[in-house]
Amino acid sequence: MRLLHTSDWHLGRSFHRVSLLDAQAAYLDRLVATVQEREVDAVLVAGDVYDRAVPPLTAVELFDRALHRLADAGVPTVMISGNHDSARRLGVGAGLLDRAGIHLRTDPERCATPVVLADDHGDVAFYGLPYLEPALVKDVLGAEKAGHEAVLTAAMDRVRADLATRPAGTRSVVLAHAFVAGGEPSDSERDITVGGVAAVPAGVFDGVDYAALGHLHGSQRVTDRVRYSGSPLAYSFSEADHRKTMWLIDLDAHGNIAAEERIDCPVERPLARLRGRLDTLLEDPALDRHEHAWVEATLTDPVRPAEPMARLARRFPHTLSLVFDPERPPEDPLASYAQRLKGRDDHQIAEDFVAHVRGGSGPSDLERTVLRGAFDDVRVDETVREVSR
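Along every chain, residues carry numbers that run from 1 in the direction the sequence is written. pLDDT decides what is reported in this predicted model: residues at 70 or higher carry local features, side-chain atom pairs at 80 or more are listed and counted, and totals for whole chains, interfaces and linings draw on all residues regardless. The side-chain figures draw on all heavy atoms in the structure; neither hydrogens nor water molecules are used.

**Considering the overall build of the protein chain**
What counts is decided by this rule: Think of it this way: any DSSP run of H or I at least four residues long counts as a helix, any run of E at least two long counts as a strand, and we number them from the N terminus. Atoms considered for the radius of gyration are the C-alpha atoms alone. The globule rule reads 2.2 Å times the number of residues to the power 0.38. Think of it in three bands: with a 1.4 Å probe and only protein chains considered, a residue is buried below 20% of the maximum accessible area for its type, exposed above 50%, and partly exposed in between. The criterion used for residue contact is that any of the two residues' heavy atoms lie within 4.5 Å. Surface exposure here means Shrake-Rupley accessible area, sampled with a 1.4 Å probe, where a residue is shielded only by the protein chains that are shown.
When helices and strands are tallied, the protein chain shows eleven helices and 19 strands. Taking 21 Å as the expected radius of gyration for a compact globule of 389 residues, we find that the protein chain reaches 23 Å, a close match to that expectation. Along the first, second and third principal axes, the C-alpha atoms of the protein chain reach 70 × 55 × 40 Å. Among the 389 residues that make up the protein chain, the fraction classed as buried is 48%. For the protein chain, contacts bridging at least 24 residues in sequence account for 68% of all contacts bridging at least 6. By element, 50% of the accessible surface of the protein chain is carried by carbon and sulfur atoms, the whole surface being about 18700 Å².

**What to know about the environment of Gly207**
Looking at the element boundaries, Gly207 is found in the loop between strand 11 (199-200) and strand 12 (210-214). Spatially, the C-alpha atoms of Gly207 and Arg88 are 29 Å apart, while their sequence positions differ by 119 residues. Ignoring any residue separated from it by four or fewer positions in sequence, one finds Gly207 in contact with Leu163 and Ser172.

**With respect to the packing of aromatic side chains**
Counted only if it meets this: Working definition: rings of Phe, Tyr and Trp (its six-membered ring) pair if their centres are within 6.5 Å, and the pair is stacked with planes under 30 degrees apart, edge-to-face with planes over 60 apart, and tilted otherwise.
Under the criterion given, the structure shown has four aromatic pairs. When the ring of Phe15 is compared with that of Trp294, the centres are 5.4 Å apart and the planes differ by 35°; the resulting orientation is tilted. Remark: Trp294 occurs in strand 18 (residues 294-299) and Phe15 occurs in strand 2 (residues 14-15); sequence separation between them is 279 residues. Taken individually, Phe15 and Trp294 each receive the classification buried, so the pair is uniform in this respect. An aromatic cluster is defined as three or more aromatic residues linked by ring pairs; in this entry it consists of Phe15, Phe237 and Trp294.

**Here we look at the sheet that holds strand 15 (residues 245-251)**
Threshold: The rule for pairing is simple: two strands pair if DSSP sees at least two bridges between them. Simply put, an axis is a line fit to the C-alpha atoms, just over the touching stretch for a helix, and the angle between two N-to-C directions goes from 0 to 180 degrees.
Spatially, 6-5-4-1-15-16 is the arrangement adopted by the six strands of the open sheet, whose pairing is mixed. Looking at strand neighbours, the two that pair on one side only are strand 6 (102-105) and strand 16 (257-264), the edges of this open sheet. Across the sheet, the axes of successive neighbouring strands diverge by a mean angle of 20°, strand direction being ignored. Contacting strand 1 (2-6), strand 4 (42-46), strand 15 and strand 16, helix 1 (residues 21-37) runs over the sheet at an angle of about 170° to strand 1.

**Considering unusual backbone geometry**
For Arg17, which is not glycine, the phi torsion reads 75° and is therefore positive. With respect to the helices, strands and loops of the structure, Arg17 is situated in the loop between strand 2 and strand 3 (18-19).

**Thoughts on the side chain of Thr298**
You can see Thr298 is positioned in strand 18. The class for Thr298 is buried, based on a relative accessible area of 11%. Discounting residues that sit within four places of it in the chain, Thr298 has contacts with Leu274, Arg275, Gly276, Val323 and Asp325.

**Concerning empty space enclosed by the protein**
Operational definition: Using a 1 Å grid laid over the protein atoms alone, points where a 1.4 Å probe fits but cannot get out form a cavity; open sets with protein on both sides within 12 Å along at least 5 of 7 lines form a pocket; any residue with an atom within 4 Å of a point counts as lining. Grid points are joined across faces, edges and corners, and a volume is the space filled by probe spheres set on the points. Under the convention adopted here, Pro, Cys and the residues Ala, Val, Leu, Ile, Met, Phe, Trp and Tyr are nonpolar, Asp, Glu, Lys and Arg are charged, and Gly plus all remaining residues are polar.
In the structure shown here, the tally under the stated rule is one cavity of 30 Å³ or more. Its boundaries defined by the atoms lining it, the largest cavity holds a volume of some 80 Å³. Around the largest cavity, the lining comprises 14 residues; the ones closest to its centre are Leu132, His148, Leu152, His177 and Ala178. Looking at the lining of the largest cavity, the elements with two or more residues in it are helix 6 (148-164) and strand 9 (171-177). Top element by residues in the lining of the largest cavity is helix 6. It accounts for three residues. A per-class count over the lining of the largest cavity returns twelve nonpolar, two polar and no charged.

**Quick look at the pattern of salt bridges**
As a working rule, side chains carrying opposite charge can pair if their charged atoms are close by. Put simply, the rule is: Salt bridge, as applied in this entry: a Lys or Arg side-chain nitrogen positioned within 4 Å of an Asp or Glu carboxyl oxygen.
Taken as a whole and judged by the stated rule, the model has 22 salt bridges. Two residues, Asp224 and Arg221, come together in a salt bridge whose shortest N-O distance is 3.9 Å. Here Asp224 falls in the partly exposed class, since its relative accessible area comes to 44%. In this structure Arg221 comes out as partly exposed when scored by relative accessible area, which is 44%.

**A look at the environment of Leu312**
Among the structural elements, Leu312 can be located in helix 8 (residues 308-315). Expressed as a C-alpha distance, the spacing of Leu312 and Val295, which sit 17 residues apart in the sequence, is 9.6 Å. Discounting residues that sit within four places of it in the chain, Leu312 has contacts with Leu278, Leu281, Leu282, Ala297, Leu299, Thr319 and Leu322.

See below:
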């Protein structure tokens, strides 16, 4: 059975205030063409269809056209909600869409109810695990605690229990939206850390033939059977070096990966991250190849130059981001402060603040727990409010 694994469309998202709707439409054209040209048997969409819980009408219309084209192609599509989606909104009409071969899985309680497709070798059971917000689904799934590993383990236990009841030789595919250990993140993914832990071990997915993952925006293997397709477009300059693709996977009669291929997504405009003094960026002939790219320029001039954006735009008209990182001697207190903050998350910065106001004494274990709980409560509250809008 030939699978086309994709995820993280983020329909409705912009890139530094530049609309990506045309680029997303071009991607969906490529997806439908690939389905038809490569004789795909099932399309898998592993979450984050939209960029936010209440997407703009233009994004909804684009999604609607994509569903009609996939249904017209007669190729089943299995789709789950991600952490950016409103599961309830995305799932409206799921029963009717099932009849058209579009199988939406947005309800955690249905994670062990597969979409069963057949080929010449028998059945393939597709289990859709929507994004599982631990605090909201712990009791629903009977998980031991409100953590990512616990709720995914509980969901996968249900999947394995259902699979055990099916005829011998039934192959299995799981769609999930999660941060799996070993995956490489980028700057454009929303933080899903709970209790200081965001990642879950790949072993959670043991027992199934293929795990089609979403959430991380880089196409990558965690193991041979556990993979991210990545996002079809770059959504931050941290993805400038990504090759944006979809996985084309052939499962053989025994559930082994008989063939694999990365199908390139169309690139409307490449990304470039440039760094140096302004005069160097404006004069270096080696940078000619970036003049038509979307550019993030980091200026290292010790003193901020006059009108830097206007001057950059004359050579690089698609400059979208301007960052100042002036060259400073190591003893400069501003340099050491920036270095201390680099790569630190909100919780670590809060702990640093406690240590600072106390004159060097950081928070106790109990205080760390309280801080962590406060950050988790805020994140969950924001999720609930966004979805209920």
